[in-house]
Amino acid sequence: MRRALLVVFLYCPAAHAAAARPAEDPSDGYQALDMEARAIMGELKLQSGDLSGARAQYGRSLELGKGVDTPKDDVAALNHYRSAEIALQRGEFSDAKRHLDILLTRYPRTDWGERGQALLESIPGEGLRKSEAAQADEPFVPAMPSSTPEEALGRLRAAVDSDRVEDGLAEGYDFRRRYPDHPSREEVELACAALHLRRGEPARAARLLQPLAQGRGRQRGRAVHMLGAAYTALGQDAAVLSAVPDADASAVADRWIALAQIWRAGAEERLGRREDAAGRFRAVSASGHDSPVRAYALAAVAADWDRKGRPDRARDALTRAAKEAARWGLDDLRESATLSIAHLLRRQGKTAEASSAYADFAARFPRSPLRPRALYERGLMLKKLGLVPQAVKSYQEIVDKHPGSVFAADAHLQLGQLLTEEGESEQALYHYKAMAKASEAKDADLEALLLMAQVHYNKKRYRDAVPLYKRYLESAAPGAKTKEVEGLLLNSVWQADRDDPELPALVARWPEHPLVRVIRRDLAASAYKRGDWAGAEALLRRQIETDPKSPRVHDWRYYRAEALRQLGHGADAADAYRRFLATAPPDDKRRRDAAARLGALLYEAGDHAGAARAYGAVTGDDAEAADAAYNRALALTKTPREDEAARALAAFATKFPDHEKAPWAWLTAAKSREDAGDLAGAARAYEQAKAWYPLGRLEEKRKRTVQAKAAYDRLRGARPADDPSRLAGLLRLALLLELEEKPRQAAPLYMEVMRHSERGSSTFETARKRVEVLTGDKSLIGR
């Protein structure tokens, strides 16, 4: 059972895989389609609980992507995310981190990128330490102030009920700050933890839940259940066993402690304690507690019976799991359990019953993504029973109603084989051609041979494809078609065994064939992907020198610059980035990254003016553009161009007011303008930075007492109350009021300063002496 599946169901919104798209480059067609098909097969195996099979399919899909000039980002991102997820479940943290690093580096803007960041933060060790450091403080979640605890609770419950996660967190944390001793605090903290889980932040959820789970409050059981979910999402099986007490789910009184046994069972299973886990899953399923947890427990019980060679018991558990899943609307589990019943019948050799079960599944779940597999397996059963017309009908339904399915190609192959056996040669050829996407052939036998080879090629069975392509080339007349097959043969030998001694001879035989350049280019790509930066740089440099007019030359220049940067050759990397920027098309999406990295290299080398120019080429309104604008302003502060630096800081803070460095930029710009004598400009910048104390001092310097008092007055409600700038500003405001002979207004300010400043400090003593002078009552000082 997948570790994250139940966590996602209970606390997270549904996630949707990116829709498959056709390959954009015709030369990548077969590779890209097969890469995508492997990814889909991995998803199906993951749904069925076959982690090893799923991992193999995702890995194979990634391998196939290396042979595609432009692999699809969403498919590659899915492969890396799922591979990391499976590795994390098995405790292989370094492998999980490797996949996530690639995902976040290469595909950060895909749907899987954001999820990958959350998964990275869950990895124990470096990743988890980063996560905990980032989550050490409460998240800043502004909320409208509430007048009563009841009002705050009402707003929190409304946000939770309407699935407004951000608003719910805002209200929850605001309630914790305002009403720390309220009886509903535990309920609020549980709500915040659930919202963090829903947002994919199990580490934050765990931090809130730990004290509740270890206490004796009314919410302990719920907290234990949710803490088990959080630790499960983090992959911390030992922590799950520590957090969830060992209890008999069918006997324990606390409903939530009983249901939490699902997490303990999952942890035990992953730690190799299968018998303990199986018993616990059975106890959860028999607990009688009305919860979707029972459906997953029943599915796990079925898997255990299947492992033990008890298919009848497994089918009974799956039937109950499907029924329970239907009650709770767990469509994926219901469909998976129902289909697994058919699989069990097939493995038992009950071919006719399996065929009926697959047909029943296809009829009951017409929109299920598993339906094509059910139809395909039914076709195999019917074929085995000798019911060829019915088998043809089942396969035909796949190609008619599910043409984009991973099983469509195999259905075409099965139809070709069946129709060939039945003497339907034209229909057989149609399906062979449809499967292989090949052109029409004059010689049906020769074309069938080629198309069968293409089947192996599409399935990446390159060793099987090689002899078939050779037989085709031995018999076919030279022409455009044979040129295409020569390329397929070259690529098959290359993919089957890159150390094949025949490969150099084939390359020498067709030296002008376009694929030869692809193979040579692939060497560079392979070196780059495995981190052989020196090898990749040399190969890419050779590609640029030997084929400078290639449409791919911009790719080679960019990746050569990246390789040089990885090697630490800053000057050469900077020059390579400049060449890329000078020649790449204006719409090349990598221009911004290249400009930003060029700016970083020049800044590190001390060329601050050059760095500013490079950062200035990064346009747009997104986070990357904001960072570049900030870096440009920072670089200019290192140059003698103080006016330009101040303008750049102000422009950055104006365009990106929500950037974390915007207040600093305004403050730095203000100081620069003040040093340059532009007091009015400095005042405006201080105001933008909300730096009320320096603004007040500046206005005093300008003899604008009214404006100075107004600036200091803004510090009354500032937080934290003991901020030195706040206290200094209030002290200045009190002194100005005293000068205006307004002691009644000045005295409370002095008292506020004394209340929050350190006793004995100069600020405290100044305020104390002024209070003593104003009141003549030393006893006020201690109040």
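In this text, all values refer to a predicted model and were calculated from it rather than measured experimentally. (Residues numbered from 1 in each chain as written. Predicted model: local features only at pLDDT ≥ 70, side-chain atom pairs only at ≥ 80, totals over all residues. Heavy atoms only, no water.)

## A look at the overall build of the protein chain
Then comes step 1: Broken down by element type, the protein chain carries 42 helices and 0 strands.
Then comes step 2: Taken across its 783 residues, the protein chain has 50% of its residues classed as buried.
Then comes step 3: Restricting the contact set of the protein chain to residue pairs at least 6 apart, pairs at least 24 apart contribute 51%.
Then comes step 4: In the structure as shown, the protein chain presents an accessible area of about 37,900 Å², 50% of it carried by carbon and sulfur atoms. (Helix = DSSP H or I, 4+ residues; strand = E, 2+ residues; numbered from the N terminus. Buried < 20%, exposed > 50% of the residue type's maximum accessible area, 1.4 Å probe, protein only. Contact = heavy atoms within 4.5 Å. Areas by Shrake-Rupley, 256 points an atom, 1.4 Å probe, with all protein chains shown as cover.)

## Here's the deal with the nonpolar core
Then comes step 1: By size, the foremost hydrophobic cluster in this structure holds 69 residues, and its most contacted members are Tyr577, Leu598, Tyr686 and Tyr750.
Then comes step 2: With 8 residues, the single largest contributor to this core is helix 34 (residues 623–637).
Then comes step 3: In this structure, leucine 598 is in contact with Ala574, Tyr577, Arg578, Leu581 and Ala614, ignoring residues within four places of it in sequence.
Then comes step 4: Residues Leu212, Ala213, Leu318 and Ile341 belong to the second largest nonpolar core, which totals 63 residues. (Core = buried A, V, L, I, M, F, W, Y, C linked by side-chain atoms within 4.5 Å.)

## Focus: the packing of helix 10 (residues 185–198) against helix 12 (residues 220–234)
When two helices pack together, their arrangement is given by the angle between the helix axes and by the axis-to-axis distance.
Then comes step 1: Taken N-terminus to C-terminus, the directions of helix 10 and helix 12 make an angle of 20 degrees; their axes are 11 Å apart at the nearest point. Taken together, the axes of helix 10 and helix 12 are roughly parallel relative to one another. In terms of crossing hand, the pair formed by helix 10 and helix 12 is left-handed. On helix 12, the residues touching Leu190, Ala193, Ala194 and Leu197 of helix 10 are Arg222, Ala223, Met226, Ala229 and Ala230.
Then comes step 2: Per-class residue counts for the contact of helix 10 with helix 12 are 8 nonpolar, no polar and 1 charged. (Axes fitted to C-alpha atoms, helices over the stretch in contact; angles between N-to-C directions. Parallel < 35°, antiparallel > 145°, perpendicular 65-115°, else oblique. Left-handed = near helix turned anticlockwise from the far one by under 90°. Nonpolar A, V, L, I, M, F, W, Y, C, P; charged D, E, K, R; others polar.)

## What about helix 18 (residues 331–347)?
Then comes step 1: The end-to-end C-alpha distance of helix 18, which contains 17 residues, comes to 24 Å, matching closely the 24 Å that a straight helix rising 1.5 Å per residue would cover.
Then comes step 2: With 12 of 17 residues buried, helix 18 is to be regarded as a mostly interior element.
Then comes step 3: Among all positions in helix 18, only Leu333, Glu335, Ser336, Ala337, Thr338, Leu339, Ser340, Ile341, Ala342, His343, Leu344 and Leu345 are buried.
Then comes step 4: Glycine 349, located one to two residues past helix 18, shows a positive phi value of around 85 degrees. (Expected span 1.5 Å × (residues − 1).)

## Here's the deal with empty space enclosed by the protein
Then comes step 1: Under the defined criterion, the tally for this structure stands at 4 cavities of 30 Å³ or more.
Then comes step 2: Around the largest cavity sit Leu44, Gln47, Ser48, Ser336, Leu339, Ser340, His343, Leu370 and Arg373, which together line it.
Then comes step 3: If you tally residues by element for the lining of the largest cavity, the top one is helix 18, at 4 residues. (1 Å grid on protein atoms, 1.4 Å probe; cavity = no way out; pocket = protein on both sides within 12 Å on 5 of 7 lines; lining within 4 Å. Points joined across faces, edges and corners; volume = space filled by probe spheres on them.)

## As for the confidence of the model for the protein chain
Then comes step 1: Averaged over all residues, the pLDDT of the protein chain is 81; the fraction at 70 or higher stands at 88%.
Then comes step 2: Confidence, expressed as mean pLDDT per element, reaches its minimum in the protein chain at helix 1 (residues 3–11) with 39 and its maximum at helix 19 (residues 351–364) with 93.
Then comes step 3: For residues 126–137, every residue scores under 50 in pLDDT, and the model assigns this stretch 17 contacts once sequence neighbours within four places are set aside.
Then comes step 4: In the model, residues 438–442 has pLDDT below 50 throughout and makes 10 contacts with residues more than four positions away in sequence or in other chains. (pLDDT = per-residue confidence, 0-100.)

## Observations concerning the packing of aromatic side chains
Then comes step 1: Tallying each qualifying case throughout the model produces 12 aromatic pairs.
Then comes step 2: Taking 5.1 Å as the distance between ring centres and 85 degrees as the angle between the ring planes, the aromatic pair formed by tyrosine 528 and tryptophan 533 counts as edge-to-face.
Then comes step 3: Classification of tryptophan 533 as partly exposed rests on a relative accessible area of 22%.
Then comes step 4: An angle of 80 degrees between the planes, with centres 5.2 Å apart, marks the rings of tyrosine 558 and tyrosine 559 as edge-to-face.
Then comes step 5: What links up through ring pairs into an aromatic cluster is the set Tyr528, Trp533, Tyr558, Tyr559 and Phe580.
Then comes step 6: For the cation-ring pair, arginine 255 lies above tryptophan 256, with the distance from its terminal atom to the ring centre recorded as 4.9 Å.
Then comes step 7: If you follow lysine 308 out to its NZ or CZ, it ends over the ring of tryptophan 305, 5.8 Å from the centre. (Phe/Tyr/Trp six-rings, centres within 6.5 Å; stacked < 30°, edge-to-face > 60°. Lys NZ or Arg CZ within 6 Å of the ring centre and 35° of its normal.)

## Looking at the packing of helix 29 (residues 533–546) against helix 30 (residues 553–567)
Then comes step 1: Two elements in contact, helix 29 and helix 30, have axes whose closest approach is 9 Å; the angle formed by their N-to-C orientations is 150 degrees. Taken together, the axes of helix 29 and helix 30 lie roughly antiparallel to each other. Helix-helix and strand crossings are classified by hand; for helix 29 and helix 30 the assignment is left-handed. Packed against helix 29, whose contacting residues are Trp533, Ala534, Glu537, Leu540, Arg541, Gln543 and Ile544, the element helix 30 presents Val553, Trp556, Arg557, Tyr559, Arg560, Ala563, Leu564, Gln566 and Leu567 at the interface.
Then comes step 2: Looking at the contact of helix 29 with helix 30 residue by residue, the classes come out as 10 nonpolar, 2 polar and 4 charged.

## With respect to the pattern of salt bridges
Then comes step 1: Scanning the entire structure with this criterion turns up 61 salt bridges.
Then comes step 2: Residue glutamate 562 pairs with arginine 597 through a salt bridge whose shortest N-O separation is 2.6 Å. Of this pair, glutamate 562 sits in helix 30 while arginine 597 is found in helix 32 (residues 591–604), placing the two residues 35 residues apart along the sequence.
Then comes step 3: On the basis of relative accessibility, which here comes to 25%, the residue arginine 597 falls in the partly exposed class.
Then comes step 4: Between aspartate 575 and arginine 579 there is a salt bridge, with the nearest N and O atoms lying 3.2 Å from each other. Here the residue aspartate 575 and the residue arginine 579 both occupy positions in helix 31 (residues 570–583), the gap between them amounting to 4 residues, near one helical turn.
Then comes step 5: Because the salt bridges share partners, they merge into one network encompassing Asp246, Arg264, Glu268, Arg273, Asp276 and Arg280. (Salt bridge = Lys/Arg side-chain N within 4 Å of Asp/Glu carboxyl O.)

## A closer look at the environment of arginine 334
Then comes step 1: You can see arginine 334 is positioned in helix 18.
Then comes step 2: Here arginine 334 falls in the partly exposed class, since its relative accessible area comes to 26%.
Then comes step 3: With sequence-adjacent residues up to four places away left out, arginine 334 is seen in contact with Ala322, Ala325, Ala326, Arg364 and Phe365.

## Re a negative patch on the surface
Then comes step 1: A grouping of Glu642, Asp643, Asp675 and Asp678 is seen on the molecular surface, where their side chains present a negatively charged patch.
Then comes step 2: You can see glutamate 642 is positioned in helix 35 (residues 642–655). (Patch = residues over 30% accessible without salt bridge, like charges linked within 9 Å, V, L, I, M, F, W, Y side chains within 5 Å. Lys, Arg positive; Asp, Glu negative; His and termini not counted. Charge placed at Lys NZ, Arg CZ, Asp CG, Glu CD.)

## With respect to helix 31
Then comes step 1: With 14 residues, helix 31 extends 20 Å from end C-alpha to end C-alpha; this agrees with the ideal 20 Å at 1.5 Å per step.
Then comes step 2: For helix 31, the complete set of buried residues consists of Ala573, Ala574, Ala576, Tyr577, Phe580 and Leu581. The arc that holds every buried residue of helix 31, seen down its axis, measures 160 degrees, which confines them to one face. Residues of helix 31 that are exposed and point over 90 degrees away from its buried face: Ala571, Arg579 and Ala582.
Then comes step 3: Looking at the buried side of helix 31, the elements it contacts are helix 30 and helix 32. (Arc of directions from axis to C-beta.)

## A word on the side chain of serine 291
Then comes step 1: If you trace the backbone, serine 291 turns up in the loop between helix 15 (274–285) and helix 16 (293–307).
Then comes step 2: Polar side-chain contacts of serine 291 include one of 3.1 Å to the backbone nitrogen of valine 293.
Then comes step 3: Residue contacts for serine 291: discarding those within four places in its chain leaves Arg255, Leu259, Glu324 and Trp328. (Polar contact = N/O pair within 3.5 Å; in protein donor to acceptor, adjacent residues only side chain to side chain.)

## Things to note about the environment of lysine 308
Then comes step 1: Counting through the fold element by element, lysine 308 comes out in the loop between helix 16 and helix 17 (311–328).
Then comes step 2: Residues within four places of lysine 308 in sequence aside, it is in contact with Glu275 and Arg282.
Then comes step 3: A polar side-chain atom of lysine 308 sits 3.3 Å from a polar atom in the side chain of glutamate 275.

## With respect to the side chain of glutamate 85
Then comes step 1: Tracing the chain through its elements places glutamate 85 in helix 4 (residues 73–89).
Then comes step 2: Its relative accessible area of 7% is what places glutamate 85 among the buried residues.

## Here we look at unusual backbone geometry
Comment: phi is negative for the bulk of residues other than glycine, and the bulk of peptide bonds are trans.
Then comes step 1: In this chain, arginine 719 is followed by proline 720 through a cis amide linkage whose omega measures 5 degrees.
Then comes step 2: In this fold, proline 720 is placed in the loop between helix 39 (705–713) and helix 40 (724–739).
Then comes step 3: In this structure, lysine 703 is a non-glycine residue whose phi angle is positive, near 65 degrees.
Then comes step 4: Relative to the elements of secondary structure, lysine 703 occurs in the loop between helix 38 (692–701) and helix 39.
Then comes step 5: For lysine 703, a relative accessible area of 72% puts it in the exposed group.
Then comes step 6: Of note, the phi angle at glutamate 741 is positive, near 60 degrees, even though the residue is not glycine.
Then comes step 7: Secondary-structure assignment places glutamate 741 in the loop between helix 40 and helix 41 (743–756).
Then comes step 8: You can call glutamate 741 exposed: its relative accessible area is 70%.

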